Amino acid sequence: MDHQGQFHRAALALGIPDDEVSRFIQHLRLSIRLSGGSGGVPVGQFGGLPRLPVGMDWPSDGVSPLPFIFSVDCAALPRIDGFGLPADGSLLFFLNHEQAAATGERRFGRVVYVPAGTDTELATGSTDDAFVGEQYDVGATLRAEFPDWFGRDDEDEEDDLSPFQQQLARDLERDLPHLDELCALADKLWPPDNGYISAYIGGYADEEVIKSIAEQTLAWREKTGEIVIPVAKWYSHVEKETHRLTSEWVSLARFPVDNELYYRSDGSFVIRHDDLAASRLDEALAVAELVP
């Protein structure tokens with residue numbers, strides 16, 4: 001479905017100028033919200049045993065099996081403008097979130113793409129509770145997403161923004177006089193969260209994740225002699241690079257992970273738009289966060 005076209009037509013019907021709607025759409029991304037008990041046709045499975053290609057070993061970090069988180073049927077998921085998921089086949093997500101958070105090594109997370117028509121079988125050999133959670137089906141709905149700095153009208157929240165982000169927000173308000181109406185329309189078409197969410201597919205990657213990639217990118221460019229950044233200007237360069245990379249990277253999956261030892265335990269996979277469009281799923285980066 002042409003979601004951008006749907007939004008554009010609805011906004012024009014409200015009397016909002018065409019150029020303003022077009023600028024707003026540049027910041028709008030939709031994510032696929034996965035949740036159990038949502039009704040409709042199941043699009044994926046959380047927990048339980050995954051279906052792997054016949055003869056394929058359970059994915060591991062080279063030493064131990066990786067916990068299976070969930071799988072989705074790409075053909076059953078809603079299609080989203082500009083989000084290059086495979087049209088069919090299945091995606092399976094494996095992540096050892098504690099090791100990924102502790103080491104930052106990508107070997108502790110893996111995305112397996114199983115093309116349509118592949119002979120598969122129920123995986124065996126890893127039935128420990130640490131690797132196989134409670135099984136349940138999930139349905140899919142859509143949610144509108146924006147950058148963290150976008151449309152902040154709460155003074156306390158605005159104080160949390162950096163000067164660079166505050167300037168982005170001010171420029172946005174100047175260029176989009178109907179910003180509040182446009183945000184309200186997006187929420188009407190694709191409502192915010194309601195109830196427990198199992199995962200999100202697509203949308204914006206976590207800002208801290210992109211910031212870490214930006215820092216690594218700039219550090220490497222400095223090391224190779226491509227650029228020289230004064231120490232006093234390092235943070236501002238990181239912010240600008242983070243803003244640039246936000247358009248190159250997308251969240252492939254974000255999900256909470258049950259853990260009794262932490263207040264919050266989150267896992268995610270991020271990937272470049274180009275790699276996703278080319279089905280280079282092995283280029284996805286696994287990221288985990290543990291909050292005591």
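The paragraphs below set out a description of the structure included in this document. (Residues numbered from 1 in each chain as written. Predicted model: local features only at pLDDT ≥ 70, side-chain atom pairs only at ≥ 80, totals over all residues. Heavy atoms only, no water.)

### Considerations on the packing of helix α1 (residues 3–13) against helix α6 (residues 179–189)
Interaxial distance between α1 and α6 falls to 11 Å at its minimum, and their mutual angle equals 130°. When the axis of α1 is compared with that of α6, the two are oblique. As for how α1 packs across α6, the hand of that crossing is right-handed. Contact residues: Gln6, Phe7, Ala10 and Ala11 in α1; Leu182, Leu185, Ala186 and Leu189 in α6. (Axes fitted to C-alpha atoms, helices over the stretch in contact; angles between N-to-C directions. Helix = DSSP H or I, 4+ residues; strand = E, 2+ residues; numbered from the N terminus. Parallel < 35°, antiparallel > 145°, perpendicular 65-115°, else oblique. Left-handed = near helix turned anticlockwise from the far one by under 90°. Contact = heavy atoms within 4.5 Å.)

### Re the pattern of salt bridges
Taken as a whole, this structure holds ten salt bridges when the rule is applied. Glu145 is paired through a salt bridge with Arg143; the nearest N and O atoms lie 2.6 Å apart. Across this residue pair, the class does not change: Glu145 and Arg143 are buried. In this structure, Glu248 and Arg244 form a salt bridge, with 2.5 Å as the shortest nitrogen-oxygen distance. Of the residues examined, Glu248 reaches a relative accessible area of 29% and is grouped as partly exposed. (Salt bridge = Lys/Arg side-chain N within 4 Å of Asp/Glu carboxyl O. Buried < 20%, exposed > 50% of the residue type's maximum accessible area, 1.4 Å probe, protein only.)

### Quick notes on the pairing of strand β5 (residues 90–95)
For a regular strand, the rule is simple: side chains alternate between the two faces of the sheet. Burial of β5 is extensive: five of the six residues sit out of reach of the surface. Pairing geometry for strand β4 (residues 68–73) and β5, over five bridges, is antiparallel. Along β5, the bridge assignment pairs Phe68 with Phe94. Judged from the six bridges that link them, β5 and strand β6 (residues 109–114) form a sheet pairing that is antiparallel. The residue bridging Leu95 from the neighbouring strand is Gly109, located in β6. (Pairing = 2+ DSSP bridges.)

### Points about the environment of Thr242
With respect to the secondary-structure elements, Thr242 resides in helix α8 (residues 234–246). In the structure, Thr242 is positioned 33 residues away from Val209 in sequence and 9.3 Å away in space, judged by C-alpha atoms. Excluding residues within four positions of it along the chain, Thr242 makes contact with Glu207, Ile210, Lys211 and Ala214.

### Section: a negative patch on the surface
Together, Asp148, Asp206, Glu208 and Glu215 make up a region of like negative charge exposed at the surface. Residue Glu208 is classed as exposed on the basis of its relative accessible area, which comes to 52%. (Patch = residues over 30% accessible without salt bridge, like charges linked within 9 Å, V, L, I, M, F, W, Y side chains within 5 Å. Areas by Shrake-Rupley, 256 points an atom, 1.4 Å probe, with all protein chains shown as cover. Lys, Arg positive; Asp, Glu negative; His and termini not counted. Charge placed at Lys NZ, Arg CZ, Asp CG, Glu CD.)

### Concerning the packing of α1 against helix α2 (residues 18–25)
Contact pair α1 / α2: the axes reach a minimum separation of 10 Å and the direction vectors enclose 145°. For the crossing formed where α1 meets α2, the hand is right-handed. Here α1 contributes Gln4, Phe7, His8, Ala11 and Leu12 to the contact with α2, which in turn contributes Asp18, Val21, Ser22, Phe24 and Ile25. By residue class, the composition of the contact of α1 with α2 is six nonpolar, three polar and one charged. (Nonpolar A, V, L, I, M, F, W, Y, C, P; charged D, E, K, R; others polar.)

### Considering the packing of aromatic side chains
What the rule picks out here adds up to 14 aromatic pairs. Judged by centre distance (5.6 Å) and plane angle (70°), the rings of Phe24 and Phe150 are edge-to-face. Here the residue Phe24 occupies a position in helix α2, and Phe150 occupies one in the loop between β8 (136–145) and α4 (155–159), the gap between them amounting to 126 residues. On the basis of relative accessibility, which here comes to 0%, the residue Phe24 falls in the buried class. We classify Phe150 as buried; its relative accessible area is 7%. Every member of this aromatic cluster is reached through a ring pair, and the members are Phe7, Phe24, Phe146, Trp149, Phe150 and Trp190. Taking NZ or CZ as reference, Arg29 lies 4.1 Å from the ring centre of Tyr204, over its face. (Phe/Tyr/Trp six-rings, centres within 6.5 Å; stacked < 30°, edge-to-face > 60°. Lys NZ or Arg CZ within 6 Å of the ring centre and 35° of its normal.)

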